[in-house]
There are 2 protein chains.
Amino acid sequence: MQITRTEEYALRGLVFLARQPPEKVTLVSEISKEQKIPEAFLAKIFQRLSKAGLLRSIRGANGGFSLGRPANRITMKEVMEALEGPIGLSRCLVREGECEEEAVCPLHPIWEELQHRFVEVLDGTTVEDLAKRMVRDGRRGRG
Amino acid sequence: MQITRTEEYALRGLVFLARQPPEKVTLVSEISKEQKIPEAFLAKIFQRLSKAGLLRSIRGANGGFSLGRPANRITMKEVMEALEGPIGLSRCLVREGECEEEAVCPLHPIWEELQHRFVEVLDGTTVEDLAKRMVRDGRRGRG
DNA sequence: GATTAAAAAGACCTAATTTGTCCTGTTTAT
DNA sequence: ATAAACAGGACAAATTAGGTCTTTTTAATC
Ligand code: SF4
Ligand code: SF4
């Protein structure tokens, strides 16, 4: 019942990119250093994000990563789903019919309600929102 | 990022008890059979719940469990915290100062917001609410 | 064309957590 | 005494999270 490192690292990496000049190509190694994230691990996370189109990778010399689309069109929900698959607060919410007792279970509607509230926030918050929040608060941090 | 079996089993067990005549003493074995929950596992869970006062256990022959207090005064939040400790959507929300970058992190306020919404529901939903929901919907299920 | 920097892909490993099982002890009604 | 029932500790299996390493592919540049 906790946000994973994978998710946190991914979001921090994306926010970092959102704060760079647009279209600038940035090295994984740079992000990992600034954000104190294990480089190989971040690289693997970025692979998944670029398969999902959230990042664009540029291979070869002078390569690196940039955002796959404007930061205001990447939601937290997309990021999480790209990494962990469809959000499901309980197994019965991942796919219909996963649990036979679903129609009879008093918990099911509660999980639905909770998940709905959850997704509402994730879907309404973009990487740009996160980046701006740092700026607005006068925060610089390491990215 | 998912409700655990432990939590689900606990809640289903409590709802089962809430639907019994008040003060009736019920065997773990009965609940486990009706609810299809591994008996030894449920017994363990019930131990923790009774240490937290959410259940009352009666030992010896003719023993068993009943609710530790009226079902309308047991919230989902209490159940979860009895089992998994303080709710913390991310490590920085479990205890202040867990992460050094907290003051600088754009994710932190989002997790706070999410967790707030989350806890709002958990805190506002009692075991009685869950049990009633089954009744209202004409659901019998196995509990 | 050879060299080299850089990312992709994915195999692999380790540690932690979750989900159980089992066995022994303790309490208590009969 | 004895059988029923919870208490608790130890342990085992399965799953997931977190992280490393190696090999392959690509692209720029000399
Ligand atoms: S028992 Fe209820 S909460 Fe658990 S998986 Fe089935 S429907 Fe979902
Ligand atoms: S980096 Fe941000 S989200 Fe992660 S633990 Fe620290 S404060 Fe919380």
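Residues numbered from 1 in each chain as written. Chains lettered and ligands numbered in written order. Predicted model: local features only at pLDDT ≥ 70, side-chain atom pairs only at ≥ 80, totals over all residues. Heavy atoms only, no water.

## Details of the site of ligand 2
Every residue near ligand 2 is listed here: Glu8(A), Arg12(A), Ser90(B), Arg91(B), Cys92(B), Cys99(B), Glu102(B), Cys105(B), Leu107(B), His108(B) and Trp111(B). Those chains with residues close to ligand 2 are chains A and B. For the shell around ligand 2, a count of residues per class yields five nonpolar, two polar and four charged. (Near = heavy atom within 4 Å. Nonpolar A, V, L, I, M, F, W, Y, C, P; charged D, E, K, R; others polar.)

## What to know about the interface of chain B and chain A
Listed as interface residues are 39 residues of chain B and, on the opposing side, 40 residues of chain A. Roughly 4000 Å² of surface becomes buried between chain B and chain A when both sides are summed, with 64% attributable to carbon and sulfur atoms. When the area that chain B buries against chain A is broken down by residue, the three leading residues are Met1(B), Arg91(B) and Pro106(B), summing to 16%. Counting across the chain B and chain A interface gives six salt bridges. Residue Glu8(B) pairs with Arg91(A) through a salt bridge whose shortest N-O separation is 2.8 Å. Where chain B packs against chain A, one counts six residue pairs in polar contact (both at pLDDT 80 or more). Broken down by secondary-structure element, the contributors of at least two residues to the side of chain B that touches chain A are α1 (5-18), α4 (76-84), α5 (91-94), α6 (108-124) and α7 (127-136) of chain B. With ten residues, α6(B) is the largest single contributor of residues to the side of chain B that touches chain A. When its residues are assigned to classes, the side of chain B that touches chain A shows 22 nonpolar, five polar and twelve charged. (Contact = heavy atoms within 4.5 Å. Buried area = accessible area lost by both parts, 1.4 Å probe. Salt bridge = Lys/Arg side-chain N within 4 Å of Asp/Glu carboxyl O. Polar contact = N/O pair within 3.5 Å; in protein donor to acceptor, adjacent residues only side chain to side chain. Helix = DSSP H or I, 4+ residues; strand = E, 2+ residues; numbered from the N terminus.)

## Here we look at the protein's contact with DNA strand C
Neighbouring DNA strand C are 25 residues; Gln47(A), Ser57(A), Phe65(A), Tyr9(B) and Arg59(B) lie closest to it. Restricting attention to atoms of DNA strand C within 4 Å of the protein, one finds that 75% of them are sugar or phosphate atoms. In the environment of DNA strand C, a sugar or linking oxygen lies 3.4 Å from a nitrogen or oxygen atom belonging to the side chain of Arg59(A). In this structure, a base oxygen belonging to DNA strand C sits 3.3 Å away from a main-chain N or O atom of Ala61(B). Class assignment for the residues of the surface near DNA strand C results in nine nonpolar, eleven polar and five charged.

## Here we look at the relation of the copies chain B and chain A
The operation relating chain B to chain A is a screw motion whose rotation component is 180 degrees, with 0.0 Å of axial translation and a residual RMSD of 0.1 Å. Between the two chains, the operation in question is that of a two-fold axis. Considering only C-alpha atoms, the residue of chain B closest to the rotation axis is Met1(B), which sits at 2.2 Å. (Least-squares fit on C-alpha atoms with pLDDT ≥ 70 in both.)

## Thoughts on the pairing of strand β2 (residues 64-67) of chain A
Residue and element names in this part refer to chain A. Both strand β1 (residues 55-58) and β2 contribute to a ladder of four bridges, which runs antiparallel. Bridge pairing in β2 links Ser 57 to Phe 65. Hairpin connection between β1 and β2: a loop of five residues separates the two successive antiparallel strands, and Gly 60 in this loop has a positive phi of roughly 80 degrees. (Pairing = 2+ DSSP bridges.)

## Some remarks on unusual backbone geometry
Residue and element names in this part refer to chain A. A positive phi angle is found at Glu 23, which is not glycine, with a value near 75 degrees. Assignment of secondary structure puts Glu 23 in the loop between α1 (5-18) and α2 (28-35). By relative accessible area, which is 58% here, Glu 23 ends up exposed. (Buried < 20%, exposed > 50% of the residue type's maximum accessible area, 1.4 Å probe, protein only.)

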